[in-house]
Amino acid sequence: MVVALVPAAGHGERFGSTTPKQFLPLNGVPVLIRTLQRLCQLPDIAAVVVAVPAAWLEFSRQLCQQYGFGSTVRLVIGGEERQDSVARALQTEEVSEAEFVVIHDAVRPFAPAELFQRVLQAARQHGAAVPGLPPTETVKETTPEGFVRQTLPRERLRLIQTPQAFRRELLQRAYDAALQHHLRATDDAALVEALGHPVAIIEGVPENLKITHPLDWALAELLAHIEEQR
Ligand code: CTP
Ligand code: MG
């Protein structure tokens, strides 16, 4: 059994809108709802746990009701950082019964079903799996003084996306260890890596846009438009 966790409790500092980006309507449908619609169409997912900001809990509840997710989606209050939000979602009853957990950012509404299927398949085989794409630009490591320390070999680098999938027991162990050793990470796989457990990388999908900066909104509108033409 697979449970999906959706961190949706950020405030979107870089995006800069008063309403957090995950609640903004994208061609009429809120970003979070678009993501949930994708997730809930997958045959493998038994339950969905969504972490939202405390101040948006009631709004989120109403939104889920309105779009028919009232009974399938469990809402929890998120934390200070993404990691805290996922940690809270991990504590729910739904998760304790799962064999696999798939974690997907609320602000990636265009991840195709086949990507979820491939990442889950790899997680069944390896315990942990993430999608990644090679960077299109040259990546350099910097010094604190603002100089180049080194140019990194691009063939080996990957820009990592969600969905990320894990054996539930492994992910829980990683989160427990992070709590104990005060580890902070920007993705879930990094905590599994810290355990020394291998994480498989599968091929990511370019249209799996993460809405981060204001410019991303224009692309998201275009992608939503193209999708609706199909
Ligand atoms: N997230 C979360 N809890 C947090 C911070 C982030 O659940 N405390 C979620 C966001 O809502 C988003 C996903 O994690 O769906 C990826 O985060 P990001 O794109 O960084 O969103 P924000 O943290 O909201 O944006 P920013 O970093 O620009 O403030
Ligand atoms: Mg953030």
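Residues numbered from 1 in each chain as written. Chains lettered and ligands numbered in written order. Predicted model: local features only at pLDDT ≥ 70, side-chain atom pairs only at ≥ 80, totals over all residues. Heavy atoms only, no water.

K.L.:
Lay out the overall build of the chain in plain terms, naming residues and giving numbers.
P.N.:
Scanning the chain for helices and strands turns up eight helices and twelve strands. Here the C-alpha atoms of the chain give a radius of gyration of 17 Å, agreeing with the 17 Å that 2.2 N^0.38 yields for 230 residues. A principal-axis box enclosing the C-alpha atoms of the chain has dimensions of 50 × 40 × 35 Å. Evaluated residue by residue, the chain yields a buried proportion of 48% over its 230 residues. Long-range contacts, defined here as pairs at least 24 residues apart, represent 74% of the contacts in the chain between residues at least 6 apart. Roughly 12,100 Å² of accessible area belongs to the chain as shown, and the carbon and sulfur atoms make up 51% of that amount. Across the chain, the mean location of the 22 positive side-chain charges is 3 Å away from that of the 27 negative side-chain charges. (Helix = DSSP H or I, 4+ residues; strand = E, 2+ residues; numbered from the N terminus. Rg over C-alpha atoms; globule rule 2.2 N^0.38 Å. Buried < 20%, exposed > 50% of the residue type's maximum accessible area, 1.4 Å probe, protein only. Contact = heavy atoms within 4.5 Å. Areas by Shrake-Rupley, 256 points an atom, 1.4 Å probe, with all protein chains shown as cover. Lys, Arg positive; Asp, Glu negative; His and termini not counted. Charge placed at Lys NZ, Arg CZ, Asp CG, Glu CD.)

K.L.:
Break down the environment of Leu171 for me, citing the residues and quoting the values.
P.N.:
By the element assignment, Leu171 lies in helix 6 (residues 168-181). According to the relative accessible area criterion, Leu171 is buried, its value standing at 0%. Spatially, the C-alpha atom of Leu171 lies 8.0 Å from that of Asp188, the residues being 17 residues apart in sequence. Ignoring anything within four residues of it in the chain, the contact list for Leu171 reads Leu90, Val101, Ile103, Phe166, Asp188 and Val192.

K.L.:
Before we move on, could you go through the side chain of Gln22 and cite the residues and values that matter?
P.N.:
Inspection of the secondary structure puts Gln22 in the loop between strand 1 (2-7) and strand 2 (25-26). A distance of 3.1 Å separates a polar side-chain atom of Gln22 from the backbone oxygen of Gly10. Once you skip the residues sitting within four places of it in the chain, Gln22 turns out to touch Ala8, Ala9, Gly10, Pro30, Val31, Leu32, Pro53, Ala106 and Val107. (Polar contact = N/O pair within 3.5 Å; in protein donor to acceptor, adjacent residues only side chain to side chain.)

K.L.:
If you had to explain the site of ligand 1 to someone new, which residues and values would you point to?
P.N.:
The immediate surroundings of ligand 1 are formed by 19 residues, with Pro7, Ala9, Gly12, Glu13 and Ser85 found nearest. Lys21 is positioned such that a nitrogen or oxygen atom in its side chain is 3.1 Å from an oxygen atom of ligand 1. Between ligand 1 and Glu81, the relevant distance is 3.4 Å, taken from a nitrogen atom to a main-chain nitrogen or oxygen of the residue. Compared with its free state, where it exposes 560 Å², ligand 1 has 89% of that area covered by protein. (Near = heavy atom within 4 Å.)

K.L.:
I'd love a proper account of helix 3 (residues 82-90), names of residues and values included.
P.N.:
Those residues of helix 3 not exposed but buried are Gln83, Ser85, Val86, Ala89 and Leu90. Burial along helix 3 is one-sided: seen end-on, the buried residues are contained in an arc of 160°. (Arc of directions from axis to C-beta.)

K.L.:
Account for the nonpolar core, with residues named and values stated.
P.N.:
Judged by nonpolar contacts, the single largest core of 35 residues is most densely connected at Leu36, Leu39, Val48 and Val50. Elements represented by at least two residues in this core include exactly strand 1, helix 1 (31-40), strand 4 (45-52), helix 2 (57-66), strand 5 (73-77), strand 6 (100-103), helix 5 (113-126) and strand 12 (200-203). Take this core: its biggest share by element is six residues, from helix 5. (Core = buried A, V, L, I, M, F, W, Y, C linked by side-chain atoms within 4.5 Å.)

Fair warning: the whole summary comes from geometry, so function is off the table for now.
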